[in-house]
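Coordinate inspection notes
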Amino acid sequence: MSQLKKPVILLFLTIISATHASPGEVHDIVDYGARPDRPRFDSSDSLLRAWAAACESTGSPTVSVPAGDFLVHQATFAGPCKSSEITVRIGGTLVAPSGYGGESWIVFDNVEGLSVYGGTIDGRGGALWACKAAGGRHCPAGATSLKIMNSKDVVLSGLTSVNSERFHVVIHGCEHVTVHGVRISAAGSSPNTDGIHVQMSTDVTITAASIRTGDDCVSIGPGTTNLWIEQVVCGPGHGISIGSLGKEYEEKGVENVTVKTTVFTGTENGLRIKTWGRPSQGFVKGVVFENSIMQNVHNPIIIDQNYCPDHRGCPDKNSGVRISEVTYSDIHGSSATPVAVNFDCSASNPCTGIGLQNIKLTYGGAAAESCCKHADGEASGLVVPPSCL
């Protein structure tokens, strides 16, 4: 893994000019007019102006959000900035408007050297979830609470994200991003509330995270390389998923992913790779899953290459995504279903180089079962040996 530098946050401004800040200068958003004692007061402009001042600094400025609740409408903070050492410290809570429903709520774009520490962001997604649960035809898709895009050398540490309308944290088109000690939570029934989504990014590290959502705890999209995930507690949710991949024919692959020391409790899946059942030039290569504990997980280990939601555009087609060099080791615990290991690979592009070592999963107190289609590899020390390896 590449060594990550101390990061920087960017805020996409429609406000451009600001005063230069001396090294170490702190820009408190209250000094720019934010009001924590008025829950209906919009502090967006104050936050953006504090960022603008920091972005113009040639030193090492800090944007400070003190204790209290601050209502913030959509805010995009973008660079490039003059400083490559901008810190954002959140001591309080940034609160979204109820029923915001836009595409993204808080965005950092084109930033280099940003560090974001502590605090809470509250997406207030309950109204949107209720709309979708009621089958509303005109419900918006929902907003990502925090999106970091086209940025480099970013640290996100100690942040809490609650009740996002849709994805909590998205990392897109970035290099060298460290996410440490985050806490993410939403109702288990909340739709599409992925905890952390990584796509088109390289050298991303996610450690010491607690994620409780209605969808994937961590989802990994096309173009992800050199991803390290360690010490993640997941549940409720859909587990840690590579994919879905292969929705588009020309799609970048996923390579060099390590997932280790994880705990899944009551999740729909544990360690999953999911691809559309349609032609694609995509691939998954060089993946290591190790040292995971499963507690009543429905699909502890699963490769599904026949993903076809609503049976539209892909029935009876083979996935073109090539899956190779995937190893699973020291996976223990309990399955909520009889089949704990399920490799349903593509008939035209079989999974190759699948390795299983020390897999001990039970169902109802006895050894669980396995199912294996179109996969090749080696297995040892298993309680649930797939017949095809």
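For the structure itself, consult the block above.
Criteria and thresholds
Residues numbered from 1 in each chain as written. Predicted model: local features only at pLDDT ≥ 70, side-chain atom pairs only at ≥ 80, totals over all residues. Heavy atoms only, no water. Helix = DSSP H or I, 4+ residues; strand = E, 2+ residues; numbered from the N terminus. Expected span 1.5 Å × (residues − 1). Buried < 20%, exposed > 50% of the residue type's maximum accessible area, 1.4 Å probe, protein only. Contact = heavy atoms within 4.5 Å. Disulfide = S-S within 2.5 Å. Salt bridge = Lys/Arg side-chain N within 4 Å of Asp/Glu carboxyl O.

To continue, consider helix α1 (residues 44-55). For the α-helix, the turn length of 3.6 residues means that residues three or four positions removed from each other point alike. Its 12 residues give α1 an end-to-end C-alpha distance of 16 Å, which sits within 8% of 16 Å, the value for a rise of 1.5 Å per residue. Judged by how many residues are buried, α1 sits mostly within the fold: 10 of 12 residues are covered. Those residues of α1 that sit buried are Ser 44, Ser 46, Leu 47, Leu 48, Ala 50, Trp 51, Ala 52, Ala 53, Ala 54 and Cys 55. Along its buried surface, α1 packs onto β1 (26-28), β2 (62-65), β3 (69-71), β4 (75-78), β5 (86-90) and β8 (114-117).

Glancing now at the state of the cysteines. Within this structure, the stated rule accounts for 4 disulfides. There is a disulfide in this structure between Cys 55 and Cys 81, and the S-S distance comes to 2.0 Å. Measuring the twist about the S-S bond at about -100°, one finds the Cys 55-Cys 81 disulfide to be left-handed. A residue pair is termed long-range when its members are at least 10 positions apart, and Cys 55 in helix α1 and Cys 81 in the loop between β4 and β5 qualify at 26 residues.

On to the environment of Glu 325. Relative to the helices and strands, Glu 325 is located in strand β25 (residues 322-335). For Glu 325, the contacting residues outside a window of four places in its chain are Lys 285, Gly 286, Val 287, Thr 352 and Gly 353.

The full count for this structure, using the stated rule, is 5 salt bridges. Between Lys 260 and Glu 290 there is a salt bridge, with the nearest N and O atoms lying 3.4 Å from each other. A residue pair is termed long-range when its members are at least 10 positions apart, and Lys 260 in strand β21 (residues 254-265) and Glu 290 in strand β23 (residues 283-297) qualify at 30 residues. A relative accessible area of 25% means that Glu 290 is categorised as partly exposed.

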